[in-house]
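Structure at a glance
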Amino acid sequence: MRKISTISAIFLFLMAFGVNELISCTNILVSKGASADGSVMITYNADAGGFMEKLYYKPAMDHEPGTMIEIYEWDSGKFLGKIPQVSHTYQVVGNMNEHQVSIGETTFTGHKELKDSTGIIDYGSLMWLGLHRAKTAREAIKVMTGLVAKYGYYSTGESFSVSDPNEAWILEMIGKGGKEKGAVWVARRVPDGYICVHANQSRIREFPLDDPENCIYSPDVIEFAKENGYYKEEDGPFSFMDAYCPLDPGGALFCEGRVWSIFRRAAPSLDLPEDYWRAVKDAEPYPLFIKPDKKLSVQDVIALMRDHFEGTEYDMTKGLASGPYGCPYRWKGLVWKNPNDTSKSCGWGRPVSTQQTAFAFVSQSRSFLPDEIGGCFWYGVDDNYSNVYQPLYCCMKEAPKSYITGAINDFSLESGFWIFNLVANIAYTKYSYVIKDIQAVQSVLENKFHKNQAAIEKTAMEMYKNDKQAAIDYLSDYSVSQAEMTVDIWRDLWKQLVMKYNDGYINDVNNDGGRHPKSSFYGEEFLKQVLKERPGFYDVEWQEK
């Protein structure tokens, strides 16, 4: 049986800090009461170098008794085993199923010895099995934790975002290292009116033991930590994070920094200090949940996911490391040895937006609409600072061809992934200039999608009342056509950028044929550093003997 195709990443771990260098995803969870329209939303950046994945699409299916499903590790493609298939699986588009359930993740690794090499279920398969088998977020958590209890958990530590039209949950899980089958885990519901963020560092600390409406956990989550020396009662109240993924400097700088940056933008009034993510010892941790200063729209949440620490002293478009054109990206590795003192390690900043994003989404689940209309999966590929979030409805009947074409080793100008990568890679060469051209087209497309959403859904609802299938066909056609249109426009943008910035100039190819180009000269701060490096070398004047 063919393996389930889905998001995957190659696990490469930083030895310096125990933080994932290439797998560095970011999730935001928005509760119903924290959203402007009563949606529940989660976000996901699937970040991994060399990672390009086709949009996952699988219709609902019935299965014969005795059908088995093969499980392959997403990181390596390694075959892990087989498990029985259920009699019916739900349709899944991207990371959202037909019941508006959505799941995302970030890897926190934790104690590496707790990875169970005998387990059958890895974190990737766990997400997709949950989506195919669950009608609600709570049911998805039950499915996911039940599967690892029965078949073993192969991966390292994970934070999952799990949502439906009414609730959003953060679920944190880590294996038992083959000592016994299963995993230890805890799940907390995001309180209504609040948001949560996780970014490759476990974030659940203390949790209530007697509030099943808002917190559920494995029965042995505390006892297992005691038995294996991860927790002693004299340490104080039990903290999942401190037991299974203690914070180190890398976890603070590369992971909690993203949490801080999203929180500081969503709730400036909190004035959260920088100390914790700047790895100041004994600094106060950031809360698991915060109340945003205003209720968030889909556009607001997309904006939060576009972040390089702009507006702070850590702005990655500033300083020598950003080069002559203020590029906020740092080519890997993330951690490197200090050339002046090789006993010390240094690290680049790690923003929410990164060049290594394969795809990103904002899932919008709404209880006040039928599932077919309420579930809108806002999907974009490549760097989410320069991508376009397009609406894909969870009822759609097929995947857009552009997003199931091409791979990292299969270049194609018909592939949406390659087109968005081509545009982004031009931006990296002259960022301060090119990003403005990209954002101009990006904003036109996204503004149109959001402006038209109410009208599109009103039409779908009118159809739905009389002919459900007609509404499904309408939303499916809309989703596919807008996705293909976006790729076509982005392909044209790429051509325009190639011509406009040819040979390091800014060519006015639309008016004078490009015969009178402007200069794309270097920024002033960069020139100061150039002169500082070689005083007098660049002077254009007579020199004294």
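What this report covers is the structure whose coordinates are included nearby. Keep in mind that what you see is a predicted model, and the values were worked out from it rather than measured.

The subject of this paragraph is the pairing of strand β10 (residues 102-109). The element β10 is extensively covered by neighbouring structure, given that eight of its eight residues are classed as buried. The alternating pattern of β10 places Ser102, Gly104, Thr106 and Phe108 on one face and Ile103, Glu105, Thr107 and Thr109 on the opposite face, and all of these are buried. In the sheet, β10 pairs with strand β11 (residues 157-163) via seven bridges, with the strands oriented antiparallel. Within the sheet, the bridge partner assigned to Gly104 lies in β11 and is Ser161.

Now for the sheet that holds strand β16 (residues 289-290). In spatial order, the strands read β16-β14-β1-β2-β19-β20-β21; together these seven strands make up an open sheet with antiparallel pairing. Here the strands that pair on one side only, and so sit at the sheet edges, are β16 and β21 (390-393). Where strand β19 (residues 357-365) meets strand β20 (residues 376-381), six bridges bridge the pair, whose relative direction is antiparallel. Paired with Phe359 across the bridge in β20 is Val381. Most of the contacts of helix α5 (residues 249-266) go to strand β14 (residues 195-198), to which it runs at about 155 degrees, and overall it touches β1 (27-30), β14 and β16. The sheet contacts of helix α8 (residues 416-429) involve β19, β20 and β21, and relative to β20 the element is tilted by about 55 degrees.

Formed by 119 residues in total, the largest nonpolar core has its most connected members in Phe238, Phe240, Tyr244, Phe359, Tyr379, Tyr403 and Trp490. Sort the elements by how many residues they give to this core and helix α10 (residues 468-500) lands first, with 10 residues. Counting residues in hydrophobic clusters, the runner-up holds 36 residues, among them Tyr56, Ile121, Met173 and Ala183.

Between α8 and helix α9 (residues 431-466), whose axes approach to 6 Å, the crossing angle comes to 145 degrees. Crossing geometry of α8 relative to α9 is assigned as left-handed. Only Tyr431, Val434 and Ile438 of α9 make contact with α8, whose side of the interface consists of Val423, Ile426, Ala427 and Thr429. Of the residues belonging to the contact of α8 with α9, the class tally is six nonpolar, one polar and no charged.

Here we take up the packing of helix α1 (residues 123-133) against helix α2 (residues 137-151). Where α1 contacts α2, the two axes come as close as 9 Å, and the packing angle between them is 130 degrees. When the axis of α1 is compared with that of α2, the two are oblique. Crossing of α1 against α2: the hand is right-handed. Contacts from Leu126, Leu129, Gly130 and Arg133 of α1 reach α2 at Glu139, Ala140, Val143, Met144, Leu147 and Val148. The class makeup of the residues in the contact of α1 with α2 is seven nonpolar, one polar and two charged.

With the rule as written, the count across this model stands at 34 aromatic pairs. Three or more aromatic residues link up through ring pairs in this structure, and these residues are Tyr44, Phe359, Phe361, Phe377, Tyr379, Tyr403 and Phe417. A cation over an aromatic ring shows up here: Arg278 above the ring of Trp277, its NZ or CZ 4.7 Å from the ring centre. In this structure, Arg534 packs its charged tip against the face of Phe537, placed 3.7 Å from the ring centre.

Attention now goes to α2. The terminal C-alpha atoms of α2, which comprises 15 residues, lie 21 Å apart, in line with the 21 Å expected from a rise of 1.5 Å per residue. Here α2 has its buried residues at Ala137, Ala140, Ile141, Val143, Met144, Thr145, Leu147, Val148 and Tyr151. The first or second residue beyond α2 is Gly152, which carries a positive phi of 90 degrees.

Criteria and cut-off values
Residues numbered from 1 in each chain as written. Predicted model: local features only at pLDDT ≥ 70, side-chain atom pairs only at ≥ 80, totals over all residues. Heavy atoms only, no water. Buried < 20%, exposed > 50% of the residue type's maximum accessible area, 1.4 Å probe, protein only. Helix = DSSP H or I, 4+ residues; strand = E, 2+ residues; numbered from the N terminus. Pairing = 2+ DSSP bridges. Contact = heavy atoms within 4.5 Å. Axes fitted to C-alpha atoms, helices over the stretch in contact; angles between N-to-C directions. Core = buried A, V, L, I, M, F, W, Y, C linked by side-chain atoms within 4.5 Å. Left-handed = near helix turned anticlockwise from the far one by under 90°. Nonpolar A, V, L, I, M, F, W, Y, C, P; charged D, E, K, R; others polar. Parallel < 35°, antiparallel > 145°, perpendicular 65-115°, else oblique. Phe/Tyr/Trp six-rings, centres within 6.5 Å; stacked < 30°, edge-to-face > 60°. Lys NZ or Arg CZ within 6 Å of the ring centre and 35° of its normal. Expected span 1.5 Å × (residues − 1).

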